[in-house]
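Below, each chain spelled out in residue letters.
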Protein chains: 2
Amino acid sequence: MTQSIPDRRLHLNVGINTTGYLGNAWKYARLKPRDVTDIQHYLRLARLAHKGVFDAVFLSDMPLLRPDPASRPLHTFDPLILLTAIAASVPDIGLVATVSSTYNSPYNLARRAQTLDLISGGRLILNIVSNFVPEVAANFGNDPLPPRDVRYPRAEEFLEVAKKLWSSWDWDAEGEKPEGQFWDTNAVEPIAHDGEYFAVRGALNVPRSRQGHPVIAQAGGSDRGIDLAARHGEIIYCNILSRGAGQAFRQRVTERAIAAGRDPSEIRLTPGLVAIIGESREEALRKHELFSGAGSEDGLLVRFTREHGIDPHDFDPDAPLDVERFIPDPGRITAIGFTQGLVDLLTHERLTARQVVRRAEGNHRLILGTAEEIADQIIDLWADGTVDGYTYQPPRAPDDIEEFVDKVIPILQDRGVYPTAYDDRTVRERFGLPHPAARARPSMPAESLA
Amino acid sequence: MTQSIPDRRLHLNVGINTTGYLGNAWKYARLKPRDVTDIQHYLRLARLAHKGVFDAVFLSDMPLLRPDPASRPLHTFDPLILLTAIAASVPDIGLVATVSSTYNSPYNLARRAQTLDLISGGRLILNIVSNFVPEVAANFGNDPLPPRDVRYPRAEEFLEVAKKLWSSWDWDAEGEKPEGQFWDTNAVEPIAHDGEYFAVRGALNVPRSRQGHPVIAQAGGSDRGIDLAARHGEIIYCNILSRGAGQAFRQRVTERAIAAGRDPSEIRLTPGLVAIIGESREEALRKHELFSGAGSEDGLLVRFTREHGIDPHDFDPDAPLDVERFIPDPGRITAIGFTQGLVDLLTHERLTARQVVRRAEGNHRLILGTAEEIADQIIDLWADGTVDGYTYQPPRAPDDIEEFVDKVIPILQDRGVYPTAYDDRTVRERFGLPHPAARARPSMPAESLA
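Residues numbered from 1 in each chain as written. Chains lettered and ligands numbered in written order. Predicted model: local features only at pLDDT ≥ 70, side-chain atom pairs only at ≥ 80, totals over all residues. Heavy atoms only, no water.

K.L.:
Looking at this structure, how should I read the overall build of chain A?
P.N.:
Secondary structure summary: chain A contains 15 helices and 13 strands in total. At 23 Å, chain A has a C-alpha radius of gyration in line with the 22 Å of a compact globule built from 450 residues. Oriented by its inertia axes, the alpha-carbon framework of chain A measures out at about 85 × 45 × 45 Å. When the 450 residues of chain A are sorted by exposure, 62% land in the buried category. Restricting to contacts in chain A with at least 6 residues of sequence separation, those with at least 24 account for 78%. Distance from the positive charge centre (51 side chains) to the negative charge centre (63 side chains) of chain A: 2 Å. (Helix = DSSP H or I, 4+ residues; strand = E, 2+ residues; numbered from the N terminus. Rg over C-alpha atoms; globule rule 2.2 N^0.38 Å. Buried < 20%, exposed > 50% of the residue type's maximum accessible area, 1.4 Å probe, protein only. Contact = heavy atoms within 4.5 Å. Lys, Arg positive; Asp, Glu negative; His and termini not counted. Charge placed at Lys NZ, Arg CZ, Asp CG, Glu CD.)

K.L.:
It is not clear to me how the relation of the copies chain A and chain B should be interpreted in this structure. Could you clarify?
P.N.:
Between the two copies of the chain lies a rotation about an axis combined with a shift along it. For the pair chain A and chain B, the best superposition has an RMSD of 0.0 Å and corresponds to a rotation of 180 degrees with a translation of 0.0 Å parallel to the axis. In short, the pair behaves as if placed about a two-fold rotation axis. (Least-squares fit on C-alpha atoms with pLDDT ≥ 70 in both.)

K.L.:
What's the story with the environment of Leu 300 of chain A in this structure? I'm lost.
P.N.:
All names here are of chain A. By the secondary structure assignment, Leu 300 is in helix α9 (residues 297-307). We classify Leu 300 as buried; its relative accessible area is 1%. Sequence separation between Leu 300 and Arg 44 is 256 residues; the distance between their C-alpha atoms is 32 Å. Among all residues touching Leu 300, those that are not within four sequence positions of it are His 288, Glu 289, Ser 292, Ala 294, Val 357, Arg 358 and Glu 361.

K.L.:
What am I meant to see in unusual backbone geometry here?
P.N.:
A negative phi angle is the norm for most residues apart from glycine, just as the trans form is the norm for most peptide bonds. Following Ala 397 of chain A, the chain continues into Pro 398 of chain A via a peptide bond in cis, with omega recorded as 0 degrees. As for its position among the elements, Pro 398 of chain A is in the loop between β13 (389-392) and α13 (399-414). Unusually for a residue other than glycine, Thr 18 of chain A sits at a positive phi of about 25 degrees. In this structure, Thr 18 of chain A sits in the loop between β1 (11-15) and α1 (39-51). Accessibility expressed as a relative area gives 1% for Thr 18 of chain A, which makes it buried. Positive phi is not limited to glycine here, since Val 53 of chain B has a value of about 55 degrees. Note on placement: Val 53 of chain B falls in the loop between α1 (39-51) and β2 (56-59).

K.L.:
Just to check I follow, could you spell out the UniProt feature "binding site: FMN" (unreviewed entry) in chain A for this structure?
P.N.:
All names here are of chain A. When the UniProt feature table is mapped onto this chain, "binding site: FMN" (unreviewed entry) is found at Asp 61, Thr 98, Tyr 152 and Ser 222. When you line up the elements, Tyr 152 lands in helix α5 (residues 148-166). By relative accessible area, Tyr 152 is classed as buried at 10%. Relative to the assigned elements, Ser 222 resides in the loop between β7 (215-218) and α6 (223-232). (UniProt positions renumbered as here; feature names shortened; annotations may be inferred.)

K.L.:
I'm lost on the sheet that holds strand β9 (residues 268-269) of chain A in this one. Help?
P.N.:
Pairing between the strands of a sheet comes from backbone hydrogen bonds, and it takes one of two forms, parallel or antiparallel. Residues and elements named next belong to chain A. Here eleven strands make up an open sheet; going across it, the order is β9-β8-β7-β4-β3-β2-β1-β13-β10-β12-β11 and the pairing mixed. The sheet is open, and its two edges are formed by β9 and β11 (360-361), each paired on a single side. As paired elements, strand β10 (residues 272-277) and β13 share two bridges and run parallel to each other. If you follow Leu 273 over to β13, its bridge partner there is Tyr 392. Packed on one face of the sheet, helix α12 (residues 371-383) meets β10, β12 (364-369) and β13 and runs near 145 degrees to β12. (Pairing = 2+ DSSP bridges. Axes fitted to C-alpha atoms, helices over the stretch in contact; angles between N-to-C directions.)

K.L.:
Hey, could you run me through the sheet that holds strand β8 (residues 235-236) of chain B in this one?
P.N.:
Residues and elements named next belong to chain B. Ordered by their spatial adjacency, eleven strands build an open sheet running β9-β8-β7-β4-β3-β2-β1-β13-β10-β12-β11, and the pairing between neighbours is mixed. Each end of this open sheet is capped by a strand with a single partner; those strands are β9 (268-269) and β11 (360-361). As paired elements, strand β1 (residues 11-15) and strand β13 (residues 389-392) share four bridges and run parallel to each other. The residue bridging His 11 from the neighbouring strand is Gly 389, located in β13. On top of the sheet, helix α2 (residues 79-89) reaches β2, β3 (94-100) and β4 (124-129); it is set at about 170 degrees to β3, its chief contact.

K.L.:
I tried to follow the interface of chain A and chain B on my own but got confused; where do I start?
P.N.:
Between chain A and chain B, the contact holds 70 residues from the first and 70 residues from the second. For the pairing of chain A and chain B, the buried interface totals around 5,800 Å² over both sides, and the portion due to carbon and sulfur atoms is 64%. Glu 174 of chain A is paired through a salt bridge with Arg 34 of chain B; the nearest N and O atoms lie 3.1 Å apart. At the boundary of chain A with chain B, the tally comes to 38 residue pairs in polar contact (both at pLDDT 80 or more). Counting only elements with at least two residues in the side of chain A that touches chain B, the list comes to α2 (79-89), α3 (106-119) and β6 (199-200) of chain A. Of the residues contributing to the side of chain A that touches chain B, the split by class is 37 nonpolar, 19 polar and 14 charged. (Buried area = accessible area lost by both parts, 1.4 Å probe. Salt bridge = Lys/Arg side-chain N within 4 Å of Asp/Glu carboxyl O. Polar contact = N/O pair within 3.5 Å; in protein donor to acceptor, adjacent residues only side chain to side chain. Nonpolar A, V, L, I, M, F, W, Y, C, P; charged D, E, K, R; others polar.)

K.L.:
Teacher, can you tell me more about α13 of chain A here?
P.N.:
For an α-helix, 3.6 residues make a turn, and residues three or four places apart therefore share a direction. Residues and elements named next belong to chain A. Between its terminal C-alpha atoms α13 stretches 23 Å, which fits the 22 Å expected from 16 residues at 1.5 Å a residue. Of the positions making up α13, those classed as buried are Asp 399, Asp 400, Ile 401, Glu 403, Phe 404, Val 405, Val 408, Ile 409, Ile 411 and Leu 412. Gly 416 sits one or two positions beyond α13 and adopts a positive phi of about 75 degrees. (Expected span 1.5 Å × (residues − 1).)

K.L.:
Would you mind showing me how to read the packing of α2 of chain A against helix α3 (residues 106-119) of chain B here?
P.N.:
Any two packed helices are characterised by how steeply their axes cross, that is the angle between the axes, and by the distance between the axes. In the contact formed by α2 of chain A and α3 of chain B, the axes pass within 8 Å of each other and the chain directions differ by 30 degrees. Considering their axes alone, α2 of chain A and α3 of chain B lie roughly parallel with respect to each other. Crossing hand, α2 of chain A versus α3 of chain B: right-handed. Contacts between α2 of chain A and α3 of chain B pair Pro 79, Ile 81, Leu 82 and Ala 85 of chain A from the former with Arg 111, Arg 112, Thr 115, Leu 116 and Ile 119 of chain B from the latter. For the contact of α2 of chain A with α3 of chain B, the class distribution of residues is six nonpolar, one polar and two charged. (Parallel < 35°, antiparallel > 145°, perpendicular 65-115°, else oblique. Left-handed = near helix turned anticlockwise from the far one by under 90°.)

K.L.:
Explanation requested: the packing of aromatic side chains in the structure shown.
P.N.:
Any pair of aromatic rings gets described here by the distance separating the centres and the angle formed by the planes. Taken as a whole and judged by the stated rule, the model has 30 aromatic pairs over all chains. With a centroid separation of 4.4 Å and 35 degrees between ring planes, the pair formed by Phe 58 of chain A and Tyr 237 of chain A is classed as tilted. Residue Phe 58 of chain A is located in strand β2 (residues 56-59), and its partner Tyr 237 of chain A is located in the loop between β8 (235-236) and α7 (243-259); the two are separated by 179 residues in the primary sequence. Both residues of the pair, Phe 58 of chain A and Tyr 237 of chain A, belong to the buried class. Aromatic side chains Tyr 392 of chain B and Phe 404 of chain B sit 4.2 Å apart centroid to centroid with 20 degrees between the ring planes, which places their arrangement in the stacked category. A residue pair is termed long-range when its members are at least 10 positions apart, and Tyr 392 of chain B in strand β13 and Phe 404 of chain B in helix α13 (residues 399-414) qualify at twelve residues. In this structure, Tyr 392 of chain B and Phe 404 of chain B share a single accessibility class: buried. (Phe/Tyr/Trp six-rings, centres within 6.5 Å; stacked < 30°, edge-to-face > 60°.)

Written as structure tokens, this is what we have:
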């Protein structure tokens, strides 16, 4: 399915978590360990991203510290606080904050997000997730993580409440203001939400922003996650490893969006992407083996068998894989979306393990080669509308952001698919997404018509 | 009680909520209504405060919007987000964020606060309050506000958990780091808190900051509030309307701090202060009548009778007031601390209503007069250690901050009690408060000693 938006362009976000996306790649990065808790590190990454005219910087998140000596903490600073500091120091660039609908209250979170959206002039994208890691629950009480069939309806109602709150105070709804009044309080209307999971009276004490409210991103790849994306997602961060898988995913989202009464052309797919650039494809392959921590192609294959519970002695890395054995159990508690990417890949392409280990890294699409080859592969799935762009996850920060900005971005610009500068639009406008409607103005009360 | 800290100096914070402290004074202010939701307004206020070498900007807060046409919203932007934007744009100045222990979870709040404390280089003061306004509860579910005897123990345990979290990851606790390890994870220790109100495993995913963790401010004036202040408060924001009342308050806090095992010299009192400057005292009195919304001295007296349920027909504004009739019912749900200020004043001074209405405004100490007289009155209660300074609440923003900075600050500087520039210290060091101890290093496990 292609899109008909006339000024369609390639969108790129870039992940800026701690040392980069791959847990072992820090060994080959230029940063010092304590940089991960130094604001200057993140400002440097955001400035690099700005130089590369990225649409947005992206922070994944989990309210959890896993002290693994061999790896690094992937999530430290609170995303909304960190992105506020970035917004104050780096112009133009959009800001994707991942936030949990499981362990937040809608009033507080809607308020924090809207504050940043106002302060930044309409640059916030809120990636609402439902936590899937059981250890997170232990930081929020003695109860275990709620099951998926509670988390998702709760996330959905959470967004419903947040959207009501975001339009509950609208300066533009002011009418005539009598002398001596600070404001026309018709601009404010309590929401009086009383649902299954939340009761919130409102109004929010932060008004609508230049872009109405933050753009809603959605990152779940499970069946429930796709439903949530279809209802509320404007930007979808997902795992798409091939054209066939991407088109099938788009189709699923489109059907459900239509069923939910939405226009599917108002949804952008920007799946994760790991790009590793070399002077040659061979060099990129060697870097992949190092950055992944596997050390060699054999190491990648060993890791593959371990991750999927395959007996390595009874395994031919050059035999086509049988998709059936990878289908995840829908009853399991951890994220379904990640394995689903592999299943979708094998559904559409006949591949061996040796091929598969070069197609995905950290569950995202992996592309390897020279800067030209990287640019080609990025444009390839974008050109026919399979995706609208990518969320580039650099293996190392700052090194791979810098290399991507210096080598790949100029090619994309030369090909005319990617901008060379920012304009003054909000991030919502830049993604071609519709401005959210203001809440319906209350009609004249019946008495006053009598 | 006087303090023996050699470099004792006058401390001043300044409130920067929306239009200023007094609900009606915006009519005489230079701002436009929509400035209250414009980041540029707050940056202007913070830059004025920086010019005046204030210790900190102060944001009171309530997660609630009251659409009162005659007044203005006092609380809009989320304080931690707004202060992050200020920290990124204005150097040196401390940042006081008011946050609710009633409607937050310790892990999330400790994380947000510590992120800002790190990003700002040790400038955060966290004013932990327990919400006292019943309407706030309606933004967080169908349950009414918890009673005071639940809110305060919860607030206390909240702080206990936050402090444990703030020392649960400490880069300085790293030992030898084997080759190929990102960090020595001995720097991290889960807190495994399991109490009456909270169960939190930890560790926090944000490390200790330059000042250890945010300075703790406390603002409750009830008996329970003073207990909390005595246990955890480092800076106390309170209502002190006279020397006698201030000394009695300090005495109460000191005794309870000692009973709780704390050194009372590690507590600073910076009560609220409303200062109204005129070319003459007469002019200041007229400005007070305007800014308060009362319009005249008679108006102030009418308001006084209304606020205290006094029959105006049977009332002599020039007769000494009987303290007994103002003692608040300890069972009531709303803030006790505010009325307590008046009771404490009348306990120590014999005053008429005509005098009382010029001693407090918005429940804080009111001082009126020329810039010289204002400076004298500020220094008066500070010089003998009754207070350590003030939290100046400007009636109007930006007007009264500007006037205070231009006219009063230079006098305080000339008198040698107030600094003329910032130094590079953390806000904790600037207030002469002790650096929080790192968590006890785990001793060698018994097995390893065998």
